[in-house]
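# Structural description and commentary
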Amino acid sequence: MADHYEVLGVSRDASPEEIKKAYRRLARELHPDVNPGADASERFKLVTHAYDVLSDPEQRQRYDMGGDGSPFGGGAGAGFGGFGDIFETFFGGGGARTGRPRSRRERGQDALVRVTLDLADVVFGTHRDIEVDTAVLCDTCQGSCCQPGTQPTTCDICHGSGQVQRTVRSLLGNVVTSQPCTTCQGYGTTIPYPCATCQGQGRVRARRTVSVDIPGGVETGLRLQLPGSGEVGPAGGPNGDLYLEVTVANHEVFSREGDDLLATLEVSMPDAILGTRTTISSLDGDVDLEVRSGVQSGDVLTVKGRGITPLRGGTRGDLRVGVQVVTPTKLDAKERALIEDFAKRTKAPAPRLAQFHQGMFSKLRDRFRG
Ligand SMILES: [Zn+2]
Ligand SMILES: [Zn+2]
């Protein structure tokens, strides 16, 4: 097999630029579209293969060390990036048509932090300092990825375009495809002295504290978005967002229905008969309640505006208290005699069938059973 350097007419220490120039010149001369002869076609194949090998630093090194055992036309590593315009790619401006190098700077990932709140936190909203463990900008290089005082240099292989062109043989002839440069990973530049603090990433992991105002009215499963509070991107790219996923812990007394708070008030039989006043502890202070004489199990006492502040603002929900009359279960002889006397005097009616109770109280009761 002919020596690749001889085929291209360059010396063994030719620079990538010289190799490319030689290939361009020969390709112009030998391309089948220009020079249809069988001899030219064979030479074109040789030239293209030689260029394939010598333009790839890894393959060139292997070849120089006696490698390149790949059969002629194997085109190792070449893929079909689509059929480019052969003429344009070979004879046109070349560089101008190739893709732009990609940027090292990319947007950072979003971060998710979970926070558990008490129901009382939800009534008005609350403030939390959240510990977040994410990538932050590297102080040493400020995201440049380079050791201070140094900078990226233009990639020798792709000359800053981030793309290298390969010729791939196909049934339709030679096709030129553009692929990301493997030397610079398509960035167009390489970093000769990576920052030692961040290993050239432009960012480091760190724990930081984010202060968050959590509005009232949030519910379990809700995610609050904090734009720009996520991790910093590679090479100091823009921050992702931080999401705060809320869990509201169950309260031993109060439950929630929309923006209303629900609870049960157990009332003794005498209090239910005679009526009473009582003070209950709501989630935001004491509330006086009047239990009217003759109150029934299932009656609901509504305290306006002592519920939850709606997430989108507006009037607070209500506190709704369902009454449950507690029947005495243990009576001594005298008490029993009093109740029997009471029943006689009031001509208490026999049990009577009525419609099933679908009111608020049954909902409340079911909630508390669960
Ligand atoms: Zn750094
Ligand atoms: Zn490159």
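Fair warning: this is a prediction, and the values are worked out from it, not measured in the lab.

## A word on the confidence of the model for the protein
- Per-residue confidence for the protein averages 85 on the pLDDT scale, and 87% of its residues sit at or above 70.
- Note on residues 68–98: pLDDT is under 50 here. Beyond four places in sequence and across chains, it has 64 contacts.

## What to know about the side chain of glutamate 245
- Position of glutamate 245 relative to the elements: it lies in strand β9 (residues 242–248).
- Within polar-contact distance, the side chain of glutamate 245 engages the side chain of arginine 223 at 2.8 Å.
- If we ignore the near neighbours within four places in the chain, the residues touching glutamate 245 are Leu112, Val113, Arg114, Val115, Gly221, Leu222 and Arg223.

## Concerning the coordination of the zinc ion (ligand 1)
- Coordination sphere of the zinc ion (ligand 1), protein contribution only: Cys138 (SG), Cys141 (SG), Cys195 (SG) and Cys198 (SG), at 2.3 Å.
- Taken together, the four donor atoms surrounding the zinc ion (ligand 1) define angles of 104 to 115° at the centre, an arrangement classified as tetrahedral.
- All donor residues of the zinc ion (ligand 1) come from one chain, and their arrangement in sequence is C-x2-C-x53-C-x2-C. Pair noted here: cysteine 141 is in the loop between β2 (125–137) and β3 (153–154) and cysteine 198 is in the loop between β6 (189–190) and β7 (203–215), with a separation of 57 residues, a long-range link.
- Among the residues examined, cysteine 198 registers a relative accessible area of 3% and is labelled buried.

## Topic: the pairing of strand β8 (residues 223–226)
- A one-sided burial pattern is seen for β8, the buried positions being Leu224 and Leu226 and the unburied ones Arg223 and Gln225.
- Bridge count for β8 against β9 is four bridges, and the pairing is antiparallel. From the neighbouring strand, leucine 224 faces β9, where its bridge partner is leucine 244.

## Brief notes about helix α8 (residues 333–346)
- The first and last C-alpha atoms of α8 sit 20 Å apart over 14 residues, in line with the 20 Å expected at 1.5 Å per residue.
- Within two residues after α8, lysine 347 carries a phi angle of roughly 45°, on the positive side.

## Some remarks on the coordination of the zinc ion (ligand 2)
- On the protein side, the zinc ion (ligand 2) has Cys155 (SG), Cys158 (SG), Cys181 (SG) and Cys184 (SG) as donor atoms, found 2.2 to 2.3 Å from it.
- Taken together, the four donor atoms coordinating the zinc ion (ligand 2) and their angles of 103 to 116° define a geometry best described as tetrahedral.
- A relative accessible area of 2% places cysteine 155 in the buried class.
- With relative accessibility at 3%, the residue cysteine 158 sits in the buried group.

## Side note on unusual backbone geometry
- Even without glycine at this site, glutamine 142 takes up a positive phi of about 55°.
- Its place among the elements puts glutamine 142 in the loop between β2 and β3.
- Given the relative accessible area of 51%, glutamine 142 is considered exposed.
- At cysteine 145, a residue that is not glycine, the phi angle is positive and equals roughly 75°.

## Brief notes about the environment of glycine 202
- Positionally, glycine 202 belongs in the loop between β6 and β7.
- Not counting residues up to four positions away in its chain, the partners in contact with glycine 202 are Leu137, Cys138, Cys141, Gly143, Cys145, Ala235 and Gly236.

## Some points on the environment of tyrosine 51
- Examined against the element boundaries, tyrosine 51 turns out to sit in helix α3 (residues 38–54).
- The spacing of tyrosine 51 and alanine 22 is 29 residues in sequence and 9.0 Å in space, taken between C-alpha atoms.
- Apart from residues no more than four positions distant in its own chain, tyrosine 51 is found in contact with Leu8, Ile19, Lys20, Tyr23 and Gln165.

## A closer look at the UniProt feature "binding site: Zn(2+) 2" (unreviewed entry) in the protein
- The residues that UniProt annotates with the feature "binding site: Zn(2+) 2" (unreviewed entry) are Cys155, Cys158, Cys181 and Cys184. Taken along the chain, the residues just named run across 30 residues; in space they keep tight, none of their C-alpha pairs more than 9.0 Å apart.
- Looking at the secondary structure, you find cysteine 158 in the loop between β3 and β4 (163–170).
- Dropping the residues within four chain positions of it, cysteine 158 is found in contact with Gln163, Val164, Cys181, Cys184 and Gly188.
- Mapped onto the secondary structure, cysteine 184 falls in the loop between β5 (173–180) and β6.
- Given the relative accessible area of 1%, cysteine 184 is considered buried.
- Dropping the residues within four chain positions of it, cysteine 184 is found in contact with Cys155, Cys158, Gly162, Thr189 and Thr190.

What counts and what doesn't
Residues numbered from 1 in each chain as written. Chains lettered and ligands numbered in written order. Predicted model: local features only at pLDDT ≥ 70, side-chain atom pairs only at ≥ 80, totals over all residues. Heavy atoms only, no water. pLDDT = per-residue confidence, 0-100. Contact = heavy atoms within 4.5 Å. Helix = DSSP H or I, 4+ residues; strand = E, 2+ residues; numbered from the N terminus. Polar contact = N/O pair within 3.5 Å; in protein donor to acceptor, adjacent residues only side chain to side chain. Donors = N, O, S within 2.8 Å, 3.2 Å for Na, K, Ca; no water. Tetrahedral: all angles 85-135°; square planar, octahedral: opposite > 155°, others 65-115°. Buried < 20%, exposed > 50% of the residue type's maximum accessible area, 1.4 Å probe, protein only. Pairing = 2+ DSSP bridges. Expected span 1.5 Å × (residues − 1). UniProt positions renumbered as here; feature names shortened; annotations may be inferred.

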